[in-house]
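Structure at a glance
Below, each chain spelled out in residue letters.
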Amino acid sequence: MTLYLIIVFHAILLESNGGTSLKGKDLLSISDLSREDIRLLVADAVDMKVAGWLSLLSAKTLVLLFEKPSLRTRVSFEIAMRQLGGQSIYLSPAEVGIGQRESVADVARVLCNYVDAITARTFAHRTLEILASYSSVPVINALSDLEHPCQALTDLFTIYEKKGKLEGLKVAYVGDSNNVSNSLMLAALLMGMDFRIASPIGYQVQAEIMHTAQEYAADSGADLFCAEEPQLAVSGADVVYTDVWTSMGQEAETEQRRQIFAGYQVNNELLSLAKKDAIFMHPLPAHHGEEVTEGVLYSPQSVVFDQAENRMHVQKVLLAEILGGLEITSVNYK
Ligand code: CP
Ligand code: NVA
């Protein structure tokens, strides 16, 4: 009750300061958010993590529409809704046949008359865009081939928890430039964090994302550095981040990718080039012995299980703001 009052009090404070609102908005990409949105989301997650169960979304429902498997995203969204007093319904890849049994537009037209928001995990990012354009309720990206914004927001919150700040930190990403690195790169640069990415030729950042990233870097004053050599990216970094070499949907390329990415493993030798107090991050699931060794994954520097837990806290804030229209801010954010 006390925490609920604190959040409401923060809401009033924020309103009087002209704070941002995500109420009713889609979240398909990090570029749907402003720097202030992310600053407040991170701040609010600090409060939300200690708040536990709240009755902010009673009488609200969320559908989870997934074309790909999931552990963290599905469970953290479902528990987030439950802890906020709302309800969720999960639709597995086999159930709906998005775009096969029924057109993407019709799926959106139907679902939006049942629920208050749609969280979708898709192959094509375009599927999310079509869902959003035909849905009268907000659509949240739970991972597409292009972006994973809920993961990136959680990653920034986790870095903030561990380091006490965001701006000025150096993030090094090693490996495939994919949905996870795209969202992380955009979010980090927007918040004034230096971002270095090391990927092999042919697996580097695609042009459109790079264009936005360069704009964000120019605006925030952060450095953006792309290289082929992992050592150049990791040297002196505060955060070392990697993800799988083969993402969902790319399974046929697994062997080829193992060969191409062989030099991009985060192991103790590579991690030793980062700052002594650097943290290691990974969205999970991890492929042990491929992109990361067990020695790093389970080392004291690894924060991967805090990252996984934080998905729930950050998504509670997102849901409260998008569905409930609650504008909250925090006294904890420096
Ligand atoms: N990190 C993440 O999105 O995990 P899942 O694929 O298990 O949801
Ligand atoms: N890049 C990975 C992330 C999984 C959370 C994938 O898309 O499979």
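You'll find the structure just up there.
Residues numbered from 1 in each chain as written. Chains lettered and ligands numbered in written order. Predicted model: local features only at pLDDT ≥ 70, side-chain atom pairs only at ≥ 80, totals over all residues. Heavy atoms only, no water.

Turning our attention to helix α2 (residues 35–51). Relative to the 24 Å expected for 17 residues at 1.5 Å per residue, α2 spans 24 Å between its end C-alpha atoms, a close match to the ideal helical length. At Ala45, α2 shows its largest bend, some 25°. Restricting attention to buried positions, one finds in α2 the residues Asp37, Ile38, Leu40, Leu41, Val42, Ala43, Asp44, Ala45, Asp47, Met48 and Ala51. One or two positions beyond α2, positive phi appears at Gly52, with a value near 70°. (Helix = DSSP H or I, 4+ residues; strand = E, 2+ residues; numbered from the N terminus. Expected span 1.5 Å × (residues − 1). Bend = angle between axes of the 7 residues up to and from the residue. Buried < 20%, exposed > 50% of the residue type's maximum accessible area, 1.4 Å probe, protein only.)

It helps to recall that an α-helix has 3.6 residues per turn; residues three or four apart then point in one direction. For helix α14 (residues 304–324), which comprises 21 residues, the first-to-last C-alpha distance of 30 Å matches the rise-based estimate of 30 Å (1.5 Å per residue) to within 8%. At Asn310, α14 shows its maximal bend, which comes to roughly 30°. Most of α14 is tucked away: 17 of the 21 residues are buried.

Our focus in this paragraph is the side chain of Arg311. Looking at the secondary structure, you find Arg311 in helix α14. Although Arg311 is buried, it makes no salt bridge; Asp155 carries the closest opposite charge, 7.2 Å away. A distance of 2.9 Å separates the side chain of Arg311 from the side chain of Gln315, its partner in a polar contact. The residues touching Arg311, leaving out its near neighbours within four places in the chain, are Arg72, Thr73, Ser76, His148, Cys150, Gln151 and Thr154. (Lys, Arg positive; Asp, Glu negative; His and termini not counted. Salt bridge = Lys/Arg side-chain N within 4 Å of Asp/Glu carboxyl O. Polar contact = N/O pair within 3.5 Å; in protein donor to acceptor, adjacent residues only side chain to side chain. Contact = heavy atoms within 4.5 Å.)

Attention shifts here to the site of ligand 1. Lining the immediate surroundings of ligand 1 are Ser70, Leu71, Arg72, Thr73, Arg121, His148, Gln151, Pro283, Leu284 and Arg311. Measuring from an oxygen atom of ligand 1, one finds a side-chain N or O atom of His148 at 2.8 Å. Here Gln151 contributes a side-chain N or O atom positioned 3.0 Å from a nitrogen atom of ligand 1. Protein burial of ligand 1: of its 250 Å² of free accessible surface, 95% is covered by the chains. Split by residue class, the shell around ligand 1 holds three nonpolar, four polar and three charged. (Near = heavy atom within 4 Å. Areas by Shrake-Rupley, 256 points an atom, 1.4 Å probe, with all protein chains shown as cover. Nonpolar A, V, L, I, M, F, W, Y, C, P; charged D, E, K, R; others polar.)

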